Each structure stands twice: as structure tokens, then as C-alpha cells.
Amino acid sequence: MAQRLWLLLSMALVAVLSLGAASCSSDDEEEGNGGGNRGITGTWYGEADEDGGYLALHFGSDGRFQASYTMAGETVTVDEGRYFYDEANSMIELYGEYLYGGFDVWLSGNTLEIEGAVFTRSRPQQGGGDGGGTEGPSHGVSAADLVGTWRYTFSTGFIDIEFARDGYGYWREYDTMDGGWLDPDPFYYSYNADTGIITITMDDETERYEVLSLSGGKLRLRDLNYDDYGEEITFTRR
């Protein structure tokens, strides 16, 4: 049986690529109810297709969603708009230009299924037959390699992140623009060595980072969070 979400996404992708530009969202700025549904918020990835490209769905805590397609390091927006997630009835309503209407949802851990279309928290690896694919995460990094304190320096200060062996840690920031030291924030974290994803939970909010490399006392991460999605950050071991 045809999967309705995949069909709509495929139609949207064809339309976007034929225009050579990202699709435009509706001008309706009304907020949805995403803030109360932390289980579904974040970015979900579909499997890579035969060309190495993959679709992704991002559900923001502000009730907005974005669908995108990535291939050979280039990402285009397929659709975006508002969403309403009804956890009790396992339903999601999407209000974009192409993705519009109600869909059945099944959510379990790091797997999201929307009417037969399966997404996970793990970004597919991309590669080319000539070896010219985009760089993927360094899956040789173990949880033990992360243990310790790491510092990221920026123009007005720095951030220290401490990973302990027991799965807990601290996030501490010094910023001259904010008057110096900010209070340290405790967190707990998990690391998936197969995907290279670090998941940090702090004050009921979850952030995810992809390990790109760890060598010579340098930890290079890719930010997978909505506001700074795709930004690369390098920490130095303290």
C-alpha cells in the first residue's frame, strides 16, 4: 500500500527541485502546540535513497515543522509550516504547502513512524562511488574517549563541558557580555558509538551533537539543534 506521507514528500521534492529553489511556507505565523510534546521535537531522518540523498523532518518546540532533503552535502527545504501533535491519540496534523492534513503516528524511543514512513534520530551516512561523499561521523570514538573536560572558545568567552563516566556532567559558561561566569548547569548524557550522536538532557530540554572527529585533544562536533543546525564546533581537552 502506498505511503501517503512519502507520496506527498516525493511530490513536494519534485516540485522544489524543478524550480531549483526551496519551497516557500505559508505566511501564517500562528504557533502550534509543539512546546508540550518533547518526545517528538527534534530532527528525524529517513533512510538514504539510491542516490545517497535522504529526507529529514524537524519538529520545533515552537510548533513549527520543516521537511528537507540532503544530497552531496546540499540541503533544500521541501516544506515547512505548523504542526499539532496529539500524543494521546497518536495523531499529528501538518499545515504546510505540500504536507497538509492528519497522519497516524507511532513513536517509540528513537523511531518515529508516520503512516508507514519510518524515521530515526540517526543521520544516514552519505558517500559516493568515487569516494567523494561528504564526511561522516567518526564512529571510532568511544564513550570513554569523551570523558573529561572540554572547552570551546568564542570571541567574548568560553564554554566548558565536563563528561563524567557515570553519564552525568556539567555545562559552564564564561561570557564577558553576560557579566562573567554563569551558573553551571548539570546534565545527563548518552552516547551512541554507532551513530556518533551525543544526547544531552538538561532542565527537561534535549540537545544532540554529532561527533565528527576526536584526535590530538580536539573534539569536533556538528550541532544538530534547530537554531544552530549544521554548525561545526571544536572543543579542546582541558
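Bear in mind that the values here come from a model prediction, so they are computed numbers and not experimental data. (Residues numbered from 1 in each chain as written. Predicted model: local features only at pLDDT ≥ 70, side-chain atom pairs only at ≥ 80, totals over all residues. Heavy atoms only, no water.)

As for the side chain of Asp160
With respect to the helices and strands, Asp160 occurs in strand S10 (residues 157-163). Only 2.7 Å separates the side chain of Asp160 from the side chain of Arg151, close enough to count as a polar contact. Once residues lying within four places of it in the same chain are set aside, the contact partners of Asp160 are Thr149, Trp150, Arg151, Tyr170, Trp171, Arg172, Trp181 and Arg238. (Helix = DSSP H or I, 4+ residues; strand = E, 2+ residues; numbered from the N terminus. Polar contact = N/O pair within 3.5 Å; in protein donor to acceptor, adjacent residues only side chain to side chain. Contact = heavy atoms within 4.5 Å.)

What to know about the packing of aromatic side chains
Think of a pair of aromatic rings as described by two things: how far the centres are apart, and how the planes are tilted against each other in angle. Under the counting rule described, the total for this entry stands at 13 aromatic pairs. Aromatic side chains Phe163 and Phe187 sit 6.0 Å apart centroid to centroid with 70° between the ring planes, which places their arrangement in the edge-to-face category. Placement of the pair is Phe163 in strand S10 and Phe187 in strand S13 (residues 185-192), with a sequence separation of 24 residues. Judged on exposure class, the residue Phe163 and its partner Phe187 are both buried. Aromatic ring contacts, followed pair by pair, group Phe84, Tyr95 and Tyr100 into a single cluster. In this arrangement the basic side chain of Arg82 is found over the ring face of Tyr95, its NZ or CZ atom lying 5.1 Å from the centre. In this arrangement the basic side chain of Arg151 is found over the ring face of Phe158, its NZ or CZ atom lying 3.6 Å from the centre. (Phe/Tyr/Trp six-rings, centres within 6.5 Å; stacked < 30°, edge-to-face > 60°. Buried < 20%, exposed > 50% of the residue type's maximum accessible area, 1.4 Å probe, protein only. Lys NZ or Arg CZ within 6 Å of the ring centre and 35° of its normal.)

Focus on the pairing of strand S16 (residues 218-223)
Of all 6 residues in S16, 5 are buried, a share of seventy percent or more. Bridge count for strand S15 (residues 205-215) against S16 is 6 bridges, and the pairing is antiparallel. Opposite Val211, over in S16, you have Leu221 as the bridge partner. Where S16 meets strand S17 (residues 232-237), 5 bridges bridge the pair, whose relative direction is antiparallel. Across the sheet, residue Lys218 finds its bridge partner in S17, namely Thr236. (Pairing = 2+ DSSP bridges.)

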